[in-house]
Amino acid sequence: MTHELPPLPYEYDALEPHLDAKTVEIHHDKHHQTYTDKFNAALKGHPELQEKSPEELLKNLDQVPENIRGAVQNHGGGYLNHKLFWETMGSDGGGEPEGELKSAIDKSFENFASFKEKYTQAAATHFASGWAWLSTDSEGNLKIHTTKNQDSPLSEGLTPLLPLDVWEHAYYIKFQNRRPEFIESWWKVVSWHEVEKKFAER
Ligand code: MN
C-alpha cells in the first residue's frame, strides 16, 4: 500500500487574494507531491510499516528502523503536515473560533487577540525552515510551539490543531522575504470549523 497525495480540498485560487493561486499550485502539486513520493520511497520494502498510518509512524519514530527513521520523520512529516495545512484553510476562513475551542483558547491565552499575537510571534521568529503550531495534549491543554524542518507535533506526544508552514516555499512568490505579511494574510483564510473539529477529535 502506498500513500497518495491528498487532493487539494479546493481550487488553486480559492484562497485569493490572501494566498495566491500560483503558490498554492506549486506548493501542493510539486512540494507536497515530492514529500509523498519520498515518504513512499522510504517505506518501500517495509510492508509492515506501509500498513501503519502516517500518524502512528510519527508518534512512534523510535519503532521505525534506524536506517529509514530520518526519511520517515522528514517526508512522513512533510506528507502529513501539508495535509493538515490544506485542511485548515478555506475560502470561508478567517474570524475567530467558537465553542469548546474558544473556551480552551481563552483559558490558555486569556483571549483570542492574545493567542493570535503569541502565535504570530512564534511563526514570525522561527529561524529557518519549519512550522508554527497550535497543538493540544489529550486533556485539551493547548500549546503554541514551532518545529524544525518537517517535524510533527505527534512525535512530541501532541495532537496538531493549526499548522502554519513557514518554509520560504510557502510564501516567496507573492511575499518574497516578508514573512510577517504572509502570516497576516494566512489568518484571513484559517478555517476555524476544521480546527474546532480536530480539537473535538483529539
Ligand atoms: Mn511546505
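In this text the structure is predicted, and so the values were computed from the model without any measurement. (Residues numbered from 1 in each chain as written. Predicted model: local features only at pLDDT ≥ 70, side-chain atom pairs only at ≥ 80, totals over all residues. Heavy atoms only, no water.)

Caption draft 1: Structural view of the nonpolar core. Grouped together as the largest cluster of nonpolar side chains are 41 residues, with contacts concentrated most on Phe115, Leu162, Leu164 and Trp186. Those elements giving two or more residues to this core turn out to be helix H1 (21-43), helix H4 (66-87), helix H5 (99-109), helix H6 (112-125), strand S1 (130-136), strand S3 (159-165), helix H8 (179-187) and helix H9 (192-200). Setting aside residues no more than four positions away along its own chain, Trp186 makes contact with Leu19, Phe85, Met89, Tyr119, Leu162, Pro163 and Leu164. Counting 13 residues, the second largest nonpolar core, distinct from the first, contains Phe39, Ala42, Leu43 and Leu58. (Core = buried A, V, L, I, M, F, W, Y, C linked by side-chain atoms within 4.5 Å. Buried < 20%, exposed > 50% of the residue type's maximum accessible area, 1.4 Å probe, protein only. Helix = DSSP H or I, 4+ residues; strand = E, 2+ residues; numbered from the N terminus. Contact = heavy atoms within 4.5 Å.)

Caption draft 2: Expanded view of the packing of aromatic side chains. One pass over the full model with this rule turns up 17 aromatic pairs. A centroid spacing of 5.7 Å and a plane angle of 80° characterise the contact between Phe112 and Trp192, whose relative ring orientation is edge-to-face. Of the two residues, Phe112 sits in helix H6 while Trp192 sits in helix H9, which places them 80 residues apart along the sequence. Each member of the pair, Phe112 as well as Trp192, carries the same accessibility label: buried. Every member of this aromatic cluster is reached through a ring pair, and the members are Phe109, Phe112, Phe115, Tyr119, Trp186, Trp187 and Trp192. (Phe/Tyr/Trp six-rings, centres within 6.5 Å; stacked < 30°, edge-to-face > 60°.)

Caption draft 3: Spatial organisation of the coordination of the manganese ion. Distances from the manganese ion to its protein donors, His27 (NE2), His82 (NE2), Asp165 (OD) and His169 (NE2), fall at 1.9 to 2.2 Å. For the manganese ion, the donor residues sit on a single chain with the sequence spacing H-x54-H-x82-D-x3-H. You can see His27 sitting in helix H1 and its partner His82 sitting in helix H4, a full 55 residues away along the chain. Judged by relative accessible area, His27 falls into the buried class, the value being 2%. Judged by its relative accessible area of 0%, His82 falls in the buried class. (Donors = N, O, S within 2.8 Å, 3.2 Å for Na, K, Ca; no water.)

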